[in-house]
Amino acid sequence: MASNEDLATINYDYDYPEGLVLKPGSELHTKLVSMVMEKARGSQEVWKRRFDGWNKIDRTLTAYIEKDNAEKKLERKDDRTPTTMVVPVSYATLDILLTYMVAAFLDEPILRYDGVGPEDVLGSMLMEVVVAQQCRKSKVPLELHTMWRDSFAYGVGFGYIGYEKQSAMRTMRKPETAYSAMTGGLEPTGGTVEYKESKIIYNGSTLTAVDPYVMLPDPETPIHRFQKGEFIGWVEQTNLMSLMSMEKENPTEYFNVRYLKHTTGTSKFYPRTEMAREDRWGGAQESSVTKPIDIVHMYIRLIPNDNALGKEEYPEKWLVSVAGDGVVIKAKKLGLDHDDFPFAVVAPDYDGHSTTPISRLETVYELQKTIDWELRSRVANVRKVMNNMLVVDPQMINIWDLSHPKPGGFIRTRRQAWGRGVKDAVMQLGVSDVTTGHVADIGFLTQIIRETTGSQDAISGIRRHTSERVSAAEAMQTAKGALSRLEKAARIASMQAHQDIAWQMASNTRQLMDEEVYAKIAGTWASTLAADLGVTLPTDRGRVKVSPKDIDIDFDVVPHDGSIPNSGDPQMWIQLYQTIAANPLLAQQLDMVRIFKFGAKLAGAKNLDDFVKKGGAPQVETMPDQQVLDQADQGNLVPVQ
């Protein structure tokens, strides 16, 4: 494979963007590679200190642990024999935490917006439905779930916010025509002709969860303030064929990819040997199967004039991508309206100072390890007790018969023992079970883990045995206390990551959406617009057309408070509804329909708007009885049919 110096002798005659000279071996190319490699090296020196702890967490979450030679020998003898194992307490804890996050955040719309001024209210509502549609099509909830999982397991979760235009070849049909001698032109034949045409199948924002193992954040900046840092990067693992296809489709953004045919393509910053998951699941590819390419993507805050990238003398954000630690394949100014690094970071257990916070599962790792040891020692002791341990006089007993017993078989004595009896020839060795209390210890330690992580029995649906009868008020109060601890983590996650995701996705949509889209309107959204804003939007089968001009507005992100939407007390709201309905004064002052909908939502109803009568609810006005009779006599009021 060619070195960087050798690449300078190869020429593929690229046209580089912005008039830059980025041929391998050129002065600017060498400078950019050195800059990216230096920052990647400084970041990973700090970041990789956490890999050993993360590997331990990976093993506890997969119930996987390496067996020693003695256990492997036991399994070869009988694969049903229990050996080393991991008690999945950490896995169950993580599942409870993620279940709460899903319930708290994944009801649509996931991301909410509000207009800055009165003229922006309608546009913000349209932005909300457009972004909601993007979240559905690009599967944003799955990426959020991965970010949450990483944050609870490793202490931090990363997400990359991008904007994509995906196209695909579609089979199209048009009327078949043929030349007509009678008309002297083309006339339809009644048939159809199929042809292929490239169509845009997705145009919108995306969210991609990035593995913390491959991230390269600025080590001098606390993780929750990463936007204030000088850089943030990550290592992507791909292959040569994919990169060449991307260069062909977008030559103004990718370049120098053909030079990678002459290099190894791998990067020392991709942590193949440090990732426990790679060892078990085969993350490293063999070059004989494919040609792997590792790319260090680095968003850097730099001064263009100091780096021969332009005349600007103040910092700008640039993306520089280096493949195989030696070839620049992308270099461009970020140029996004939001002017942030296109990343979101969630670290619900951060300390406000560290770059690499300790995760919630790491705080209880030693307890998890003790539980595993308690169970292993218990199993080993039981296995020892179950296998008879005998003290034998080999001068009296035929050892072969004793070590190879058969049902209904016999054990022969040696000739010198004939006639002396067999009472003292074999004796059972007394073995005491010192692990009988381990099962109770495991339960105790498991409860400590649950209380430490906030995943108590009340959250997991298990009623804790406190008394013979538990009142409804006591059960609800216990559940509320447990939920409040998880609500704190969810609210921090919302402030750290979800608001950044919402802001950048909407800003990218406002800047980069260049064609009209049809957005789905759920429930009574259109009638709400008409009632609150006096606006009637033309809809087609529940969808409204949104143009780039419609969402060119100023907007604010509506933060989520981290609570579960239906975590209130529905019984209390039912009683309030009944009280209000029985009191005419309260009924006139309060909106009974909204109160009923809110109570129904707490009770678990998700599609109440599907039962609303078309045309909206009738307007109700209360009048004295005599006035009603007078209006009826005048023909102004008629009975309801």
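Residues numbered from 1 in each chain as written. Predicted model: local features only at pLDDT ≥ 70, side-chain atom pairs only at ≥ 80, totals over all residues. Heavy atoms only, no water.

**A few points about the overall build of the protein**
Here is the rule we go by: Secondary structure is summarised from DSSP: a helix means a run of H or I of at least four residues, a strand means a run of E of at least two, and numbering begins at the N terminus for each. Categorising residues by exposure relies on relative accessible area from a 1.4 Å probe, with only protein chains included: less than 20% of the type maximum marks a residue as buried, more than 50% marks it as exposed, and the intermediate range marks it as partly exposed. It only takes one pair of heavy atoms within 4.5 Å for two residues to be counted as in contact.
For the protein, the count of helices and strands is 20 helices and 15 strands. A total of 641 residues make up the protein; the buried ones form 39% of that total. A fraction of 74% describes how many contacts in the protein between residues 6 or more apart in sequence connect residues 24 or more apart.

**As for the packing of aromatic side chains**
How we decide: Centre distance within 6.5 Å is the pairing criterion for rings of Phe, Tyr and Trp, where only the six-membered ring of Trp is used; planes under 30 degrees apart are then read as stacked, over 60 as edge-to-face, and the remainder as tilted. By definition here, charges over rings are those cases where NZ of Lys or CZ of Arg is within 6 Å of the ring centre and within 35 degrees of the ring normal.
Applying the stated criterion to the full structure yields 21 aromatic pairs. Between the aromatic rings of Tyr 12 and Tyr 259, the centroid separation amounts to 5.0 Å while the plane-to-plane angle is 85°, which identifies the pairing as edge-to-face. One end of the pair, Tyr 12, is in the loop between α1 (4-7) and α2 (27-47); the other, Tyr 259, is in the loop between α8 (240-249) and α9 (276-281), with 247 residues separating them in the sequence. Tyr 259 matches Tyr 12 in its accessibility class, with the two residues each being buried. Aromatic side chains Phe 51 and Trp 54 sit 5.6 Å apart centroid to centroid with 40° between the ring planes, which places their arrangement in the tilted category. Taken together, the residues span about one helical turn, with Phe 51 and Trp 54 both in helix α3 (residues 51-61) at a distance of three residues. The class of Phe 51 is buried, set by a relative accessible area of 2%. In this structure an aromatic cluster arises from ring pairing among Trp 47, Phe 51, Trp 54, Tyr 154, Phe 158 and Tyr 213. For the cation-ring pair, Lys 174 lies above Tyr 195, with the distance from its terminal atom to the ring centre recorded as 5.3 Å. Looking at Lys 317, its charged tip hangs above the ring of Phe 341, at a distance of 5.2 Å from the centre.

**What to know about unusual backbone geometry**
Here the amide bond leading from Glu 108 into Pro 109 is cis, since omega sits at -5°, within 30 degrees of zero. Within the secondary structure, Pro 109 sits in the loop between α5 (89-105) and β1 (112-115). Backbone geometry at Asp 13 places phi at a positive 55°, although glycine is not the residue there. Within the element layout of this structure, Asp 13 appears in the loop between α1 and α2. A residue is classified by how much of its surface remains accessible, and Asp 13, at 63% relative accessible area, is exposed. You will see that Ala 308, though not glycine, has its phi angle at about 60°, which is positive. Its location among the elements puts Ala 308 in the loop between β6 (292-302) and β7 (316-323). Residue Ala 308 is classed as exposed on the basis of its relative accessible area, which comes to 54%.

**Description of the sheet that holds strand β3 (residues 185-210)**
Cut-off, in case you're wondering: In this description, strands pair whenever DSSP reports at least two bridges between them. Fitted lines through C-alpha atoms serve as axes, helices being fitted only where they are in contact, and the angles separating the N-to-C directions of these axes extend from 0 to 180 degrees.
Across the sheet, three strands lie side by side as β3-β2-β9; this open sheet has antiparallel pairing. Strands at the two margins of the open sheet, each flanked by one partner only, are β3 and β9 (343-346). Strand-to-strand twist across the sheet, computed as the mean angle between neighbouring axes with direction ignored, equals 25°. The pairing of strand β2 (residues 157-180) with β3 spans 22 bridges and is antiparallel. For Gln 166, the partnering residue across the bridge sits in β3 and is Tyr 202.

**Let's talk about the side chain of Thr 93**
Looking at the secondary structure, you find Thr 93 in helix α5. Leave out the neighbours within four places in its chain, and Thr 93 touches Leu 361, Ile 449, Thr 453 and Ser 455.

**With respect to empty space enclosed by the protein**
Using the following cut-off: Buriedness for pockets is judged along seven lines, at least five of which must meet protein on both sides within 12 Å for an open set on the 1 Å grid over protein atoms alone, while cavities are sets there where a 1.4 Å probe fits but cannot get out, and lining residues have an atom within 4 Å of a point. Grid points are joined across faces, edges and corners, and a volume is the space filled by probe spheres set on the points. Classes in brief: Ala, Val, Leu, Ile, Met, Phe, Trp, Tyr, Cys and Pro nonpolar; Asp, Glu, Lys and Arg charged; the others, Gly included, polar.
Going through the model one piece at a time under the given rule, you end up with one cavity of 30 Å³ or more. Within this model, the largest cavity holds a volume of roughly 40 Å³. As for the largest cavity, its lining consists of Pro 217, Asp 218, Thr 221, Pro 222, Ile 223, Phe 226, Phe 231, Ile 232 and Thr 355. The class makeup of the residues in the lining of the largest cavity is six nonpolar, two polar and one charged.

**Examining the sheet that holds strand β5 (residues 231-239)**
Backbone-to-backbone hydrogen bonds join strands into a sheet, with any given pair of strands oriented parallel or antiparallel. An order of β4-β5-β6-β7-β8 is seen for the five strands of this open sheet, with the pairing classed as antiparallel. Single-partner strands in this sheet number two, and they are β4 (215-217) and β8 (327-333). The mean inter-strand angle of the sheet, taken between neighbouring strand axes irrespective of direction, is 15°. Bridge count between β4 and β5: three bridges; the pairing is antiparallel. Bridging from a neighbouring strand, Met 215 pairs with Trp 234 of β5. Across the sheet, α8 lies against β5, β6 and β8, angled at about 110° from β5, the strand it touches most.

**Description of the layout of surface pockets**
If you add up the space inside the second largest pocket, you get close to 1400 Å³. Of all elements in the fold, only β2, β3, β5, α8, α9, β6, β8 and α15 (472-512) reach the threshold of two or more residues within the lining of the second largest pocket. Here the lining of the second largest pocket gets eight residues from one element, more than from any other, and that element is β2. Residue composition of the lining of the second largest pocket, grouped by class: 20 nonpolar, nine polar and 11 charged.

**Details of the nonpolar core**
Across soluble globular proteins, nonpolar side chains have a tendency to be buried as a group. Note the following rule: In this description, a nonpolar core means a group of buried Ala, Val, Leu, Ile, Met, Phe, Trp, Tyr and Cys residues linked to one another through side-chain atoms lying within 4.5 Å.
Formed by 114 residues in total, the largest nonpolar core has its most connected members in Leu 111, Tyr 113, Met 147, Leu 260, Val 296, Ile 329 and Ile 501. If we skip the residues at most four places from it in the chain, Leu 260 touches Leu 240, Leu 243, Lys 291, Ile 293, Ala 323, Val 327 and Ile 329. Ranked by size, the runner-up nonpolar core spans seven residues in total, among them Val 89, Val 364, Ile 442 and Ile 449.

**Some thoughts on the pairing of strand β14 (residues 543-546)**
Burial along β14 is one-sided: the face carrying Val 544 and Val 546 is buried and the face carrying Arg 543 and Lys 545 is not. Bridge count for strand β12 (residues 517-520) against β14 is four bridges, and the pairing is antiparallel. Bridge assignment links Tyr 518 to a residue of β14, and that residue is Lys 545.

**Remarks on the pattern of salt bridges**
Pairing is possible between side chains of opposite charge, provided their charged atoms come close. Spelled out, the test is: Salt bridge, as applied in this entry: a Lys or Arg side-chain nitrogen positioned within 4 Å of an Asp or Glu carboxyl oxygen.
Following the criterion strictly, the structure yields 15 salt bridges and no others. The salt bridge partner of Glu 197 is Lys 199, with a shortest N-O separation of 3.5 Å. Note that Lys 332 is salt-bridged to Glu 253, the shortest N-O span being 3.4 Å. Residue Lys 332 is located in strand β8, and its partner Glu 253 is located in the loop between α8 and α9; the two are separated by 79 residues in the primary sequence. What you see here is one network of salt bridges that share partners, running through Glu 253, Lys 330 and Lys 332.

**Side note on a negative patch on the surface**
For clarity, the cut-off: Like charges within 9 Å and nonpolar side chains (Val, Leu, Ile, Met, Phe, Trp, Tyr) within 5 Å are joined into patches, using only residues over 30% in relative accessible area that form no salt bridge. Here, Shrake-Rupley sampling with a 1.4 Å probe gives the accessible areas, and only protein chains in the shown set may cover a residue. Just so you know, the count uses Lys and Arg for positive and Asp and Glu for negative, and it drops His and the chain ends. All charge positions are set by atom: Lys at NZ, Arg at CZ, Asp at CG, Glu at CD.
On the surface, a cluster of negative charge is contributed by Asp 114, Glu 119, Asp 552, Asp 554 and Asp 556. With respect to the secondary-structure elements, Asp 552 resides in the loop between β14 and β15 (555-558).

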